[in-house]
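The primary structure of each chain is shown beneath.
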Amino acid sequence: MRWGLVPFWSKDGKASFSTINAKSETVATSPAFREAWKQRRCLVPADWFYEWQKPDEKTKQPFAIANKDDGMFAFAGLWESWKDRATGQKLRTFTILTTDPNELMEPIHNRMPVILHRRDYERWLAPSDPTNLPIDLLRPYPADEMKAWKVGKAVGNTRNNDPSLIEPLRDEEEVTAPLTLFG
DNA sequence: CCAGACGTTGTT
DNA sequence: GTCTGG
DNA sequence: CCAGACGTTGTT
DNA sequence: GTCTGG
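The following paragraphs examine the structure supplied in this document. (Residues numbered from 1 in each chain as written. Chains lettered and ligands numbered in written order. Predicted model: local features only at pLDDT ≥ 70, side-chain atom pairs only at ≥ 80, totals over all residues. Heavy atoms only, no water.)

## Concerning the side chain of glutamine 61
At step 1: Structurally, the position occupied by glutamine 61 is in strand E5 (residues 59-67).
At step 2: Judged by its relative accessible area of 13%, glutamine 61 is buried.
At step 3: Among the polar contacts listed, one links the side chain of glutamine 61 to the backbone oxygen of valine 151, at a separation of 3.0 Å.
At step 4: Those residues in contact with glutamine 61, other than ones at most four positions away along the chain, are Glu51, Trp52, Gln53, Lys150, Val151 and Leu169. (Helix = DSSP H or I, 4+ residues; strand = E, 2+ residues; numbered from the N terminus. Buried < 20%, exposed > 50% of the residue type's maximum accessible area, 1.4 Å probe, protein only. Polar contact = N/O pair within 3.5 Å; in protein donor to acceptor, adjacent residues only side chain to side chain. Contact = heavy atoms within 4.5 Å.)

As structure tokens, then:
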């Protein structure tokens, strides 16, 4: 599976626009995603993910974000199968839904991937009544179940792919969800 | 009708 | 500036 | 999203 | 494939 959803109606097997993410707010009506939203939902497993904080124009600080218990995430995803008319080959692609940031993510970024609770996996994947699609699952994941920490800039280069990428920057404290929000 | 868009993030 | 790979 | 490439001829 | 703008 390739990241970057190619709609089934694509002429050349490429998305002529960015489809690595799909907004929860518009996924049901967007021509590029609505069919996949109705019929081809998937889970995208991940041990952690990264977001870049931009405190100012010149500074980009990557963060790693994971479950507090280091368990895997399941991002809410959609997939497509595009058929090459010439070769008959099928190209499978996917996208990851985004939503508003929770209290942990908000200082880092204005969006976050939709993360599903284990209890909702089955319902997310199940073919469903078109009038009862699981739109209610597209919510920010609870901040108190997640943790975030600063990492080095090497993660920004896609050539780099090894465990050192998630090592915390030295002398940096782990960021956790504010505990004062509810008194 | 036809041609062109179909998207996100972040930035302005 | 724009595209590609990850 | 990010960072990095973005090209040809001719040679291996 | 389907919608929108012209």
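## Structural notes on unusual backbone geometry
Working note: non-glycine residues mostly have negative phi, and peptide bonds are mostly trans.
At step 1: For aspartate 70, which is not a glycine, the phi torsion comes out positive at approximately 65 degrees.
At step 2: We classify aspartate 70 as exposed; its relative accessible area is 51%.

## Looking at a negative patch on the surface
At step 1: Negative charge collects at one region of the surface, where Asp69, Glu103, Glu106, Asp144 and Glu145 lie side by side.
At step 2: Residue placement: glutamate 103 occurs in the loop between strand E7 (90-99) and strand E8 (112-113).
At step 3: Judged by its relative accessible area of 37%, glutamate 103 is partly exposed. (Patch = residues over 30% accessible without salt bridge, like charges linked within 9 Å, V, L, I, M, F, W, Y side chains within 5 Å. Areas by Shrake-Rupley, 256 points an atom, 1.4 Å probe, with all protein chains shown as cover. Salt bridge = Lys/Arg side-chain N within 4 Å of Asp/Glu carboxyl O. Lys, Arg positive; Asp, Glu negative; His and termini not counted. Charge placed at Lys NZ, Arg CZ, Asp CG, Glu CD.)

## Considering the protein's contact with DNA strand E
At step 1: Around DNA strand E, the structure places Phe8, Trp9, Pro31 and Arg34.
At step 2: Expressed as a percentage, the sugar and phosphate content of the atoms of DNA strand E within 4 Å of the protein is 35%.
At step 3: Looking at the surface near DNA strand E, its residues break down into three nonpolar, no polar and one charged. (Near = heavy atom within 4 Å. Nonpolar A, V, L, I, M, F, W, Y, C, P; charged D, E, K, R; others polar.)

## A few points about a nonpolar patch on the surface
At step 1: Together, Phe8, Trp9 and Phe17 give the surface a local cluster of nonpolar side chains, amounting to about 330 Å² of exposed area.
At step 2: In this structure, phenylalanine 8 sits in the loop between strand E1 (2-3) and strand E2 (21-23).

## Let's talk about the protein's contact with DNA strand B
At step 1: Around DNA strand B, a shell composed of 17 residues is seen, among which Lys23, Ser30, Thr98, His109 and Asn110 lie nearest.
At step 2: Lysine 23 is positioned with one of its backbone polar atoms (N or O) 2.6 Å from a phosphate oxygen of DNA strand B.
At step 3: Threonine 98 places a polar side-chain atom, nitrogen or oxygen, 2.7 Å from a phosphate oxygen of DNA strand B.
At step 4: The residue makeup of the surface near DNA strand B, split by class, is six nonpolar, seven polar and four charged.

## Some words on the environment of isoleucine 115
At step 1: Looking at where isoleucine 115 falls in the secondary structure, it is placed in the loop between E8 and helix H2 (121-125).
At step 2: Under the relative-accessibility criterion, isoleucine 115 is labelled buried at 3%.
At step 3: Along the primary structure isoleucine 115 and tryptophan 149 are separated by 34 residues, whereas in three dimensions their C-alpha atoms are 18 Å apart.
At step 4: Non-local contacts of isoleucine 115, meaning those with residues more than four positions away in its chain, are made with Phe49, Phe73, Ala74, Phe75, Arg139, Tyr141 and Met146.

## Topic: the environment of leucine 5
At step 1: On the secondary structure map, leucine 5 appears in the loop between E1 and E2.
At step 2: When neighbours within four sequence positions are excluded, leucine 5 is seen to be in contact with Ala15, Thr19, Ala32, Phe33, Ala36, Leu78, Trp79, Glu80, Thr93, Phe94 and Thr95.

## Quick look at the side chain of lysine 147
At step 1: When you line up the elements, lysine 147 lands in strand E9 (residues 146-150).
At step 2: Within the structure, lysine 147 has its side chain in polar contact with the side chain of aspartate 70 (distance 2.9 Å).

## Quick look at the nonpolar core
One broad trend across soluble globular proteins is that nonpolar side chains are buried collectively.
At step 1: Grouped together as the largest cluster of nonpolar side chains are 19 residues, with contacts concentrated most on Phe49, Ile65, Phe75, Ile115 and Met146.
At step 2: For this core, the secondary-structure elements that each account for two or more residues are strand E3 (41-46), E5, strand E6 (73-83), E7 and E9.
At step 3: Contacts of isoleucine 65, omitting those with residues within four sequence positions, involve Trp48, Phe49, Tyr50, Glu51, Phe73, Leu104, Met105, Met146, Lys147 and Ala148.
At step 4: Counting 18 residues, the second-largest nonpolar core is a separate cluster that includes Leu97, Leu116, Trp124 and Leu133. (Core = buried A, V, L, I, M, F, W, Y, C linked by side-chain atoms within 4.5 Å.)

## Points about a positive patch on the surface
At step 1: A contiguous patch of positive charge, built from Lys83, Arg85, Lys90 and Arg92, is present on the exposed surface.
At step 2: Residue placement: arginine 92 occurs in strand E7.

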